[in-house]
Amino acid sequence: MNIEIVRILGIIKEKTGKEVRVYTETEDEFYSTVDAEIPERFLGRVTQIEFNENNGKIYFPFKHNAVRYVGYIDGATAEEKPIASLIATILENGIGREKPTNKAEALRSAIVGESSAISVQKTISKFSVSNMPCSALAVYVSVGKVKDVLDFMENFKSDENDLCVITDDFTCAYIRFGSSSQEGEYRSLTDYASLLAQTIHEELGIHVKIGVGSLVGGFTDCAVSYQQALTAIRMSGVFGEKSSVATYKEYVLIKMLEDLPKYKLQEFLEILEDPEAKSMFADGEMVTTAEEFLNTSLNVSETSRNLYMHRNTLMYRLDKIERATGLDIRKFQDAMTFRLIMILHKLLG
């Protein structure tokens, strides 16, 4: 639960008398000025303030701590759009939010998405932060030695404009400023992250997991890239990836699916999965074999080596998967369908 949104909604109702409801875009959180209200299903995406004359509601989008929300005022008229705009601004920027007192806190607030656009601009100006194109790395330190990693990264930086900030007890953000050539910069940034993870392990003996966000237009948008980097780390954990670096680009499809309501994911799964195949997807040994086969780009020899499995045993298992699911994952199209089914299983828990 987002306590700050609950607090702000209470103040809005007290000052304006308006009943306001708020959803996350993914519909997994709901807040209302009406106590214990059961949420109605909200479908569709709102990109601007709009009045629906059929139901007497004004819908408005906003972001809070880098999370996208949709709110609406019930029993409204078209003339009350300015009120909706004001409420959206208050929800996005907070009321009486404590202002950062030093550079590290100001940077952290901007990077994690707690600062308003105006506050980020003030941070850029006050602390002479570059506003050139940049990408965010989220460096997760499971052993809790985040300060040691931060100190190391400060010396590792390849450009004096780059920024390193502790964002929580286990995570640092590394903002790397670079070329406006997005594709080339993204590949080099992934290599850079791999080198950073390897060097931290060699020099400090600490294993880290690094998420790589996409290139954004400037520091004003770095929170977007940082949230992507965190998402890459989380997705990597969900899918059991062993690599020390995870890029958001790898998980865009998964994130798109994750943002859909769960009932919709269930519908997709029922379409794609043969009912008789459910037991196979519950068989850990068979799923591990299939995942390794997909991860090696459908290479039988490499999969056999990685699993210490005889080639004939692997072929037998692939045949068994085909009989159970109707999918021959040695074929690219069937492999993609199989992968999608596994993703849906993971997202549905």
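Preceding this paragraph is the structure being described.
Reading guide: rules and limits
Residues numbered from 1 in each chain as written. Predicted model: local features only at pLDDT ≥ 70, side-chain atom pairs only at ≥ 80, totals over all residues. Heavy atoms only, no water. Helix = DSSP H or I, 4+ residues; strand = E, 2+ residues; numbered from the N terminus. Buried < 20%, exposed > 50% of the residue type's maximum accessible area, 1.4 Å probe, protein only. Areas by Shrake-Rupley, 256 points an atom, 1.4 Å probe, with all protein chains shown as cover. Lys, Arg positive; Asp, Glu negative; His and termini not counted. Charge placed at Lys NZ, Arg CZ, Asp CG, Glu CD. Pairing = 2+ DSSP bridges. Axes fitted to C-alpha atoms, helices over the stretch in contact; angles between N-to-C directions. Contact = heavy atoms within 4.5 Å. 1 Å grid on protein atoms, 1.4 Å probe; cavity = no way out; pocket = protein on both sides within 12 Å on 5 of 7 lines; lining within 4 Å. Points joined across faces, edges and corners; volume = space filled by probe spheres on them. Nonpolar A, V, L, I, M, F, W, Y, C, P; charged D, E, K, R; others polar. Phe/Tyr/Trp six-rings, centres within 6.5 Å; stacked < 30°, edge-to-face > 60°. Lys NZ or Arg CZ within 6 Å of the ring centre and 35° of its normal.

Draft legend 1. Summary view of the overall build of the chain. For the chain, the count of helices and strands is 14 helices and 10 strands. Principal-axis analysis of the C-alpha atoms places the extent of the chain at approximately 75 × 55 × 35 Å. A buried classification covers 44% of the 349 residues belonging to the chain. Taken as a whole, the chain presents about 18,500 Å² of accessible surface, with 50% of it coming from carbon and sulfur. The averaged location of the 51 negative side-chain charges in the chain is 1 Å from the averaged location of its 39 positive side-chain charges.

Draft legend 2. Representation of the sheet that holds strand E1 (residues 20-24) within the structure. Spatial ordering of the open sheet is given by E2-E1-E5-E4-E3, a layout of five strands whose pairing is antiparallel. The two strands at the open ends of the sheet, each matched to only one other strand, are strand E2 (30-32) and strand E3 (50-52). Each strand of the sheet is rotated relative to its neighbour by a mean of 25 degrees, with strand direction disregarded. Across the sheet, helix H1 (residues 3-16) is in contact with E1, E2, strand E4 (57-64) and strand E5 (67-74); its angle to E2 comes to roughly 25 degrees.

Draft legend 3. Quick look at the layout of surface pockets. In this structure, the second largest pocket encloses a volume near 810 Å³. Lining the second largest pocket are 29 residues, with Glu241, Glu291, Leu294, Asn295 and Arg339 sitting closest to its centre. If you list the elements that add at least two residues to the lining of the second largest pocket, you get strand E10 (245-247), helix H8 (252-258), helix H11 (284-295), helix H12 (300-307) and helix H14 (332-348). Among the elements that take part in the lining of the second largest pocket, H14 stands out by supplying eight residues, more than any other. Here the lining of the second largest pocket is built from residues that sort into 14 nonpolar, eight polar and seven charged.

Draft legend 4. Spotlight on the packing of aromatic side chains. According to the stated counting rule, one finds 10 aromatic pairs in the structure shown. Pairwise contacts between aromatic rings join Tyr23, Phe30, Tyr59 and Tyr72 into one cluster. Just above the ring of Tyr192 sits the side chain of Arg176; from NZ or CZ to the centre is 3.8 Å.

No statement about biological role is implied by the geometric values presented.
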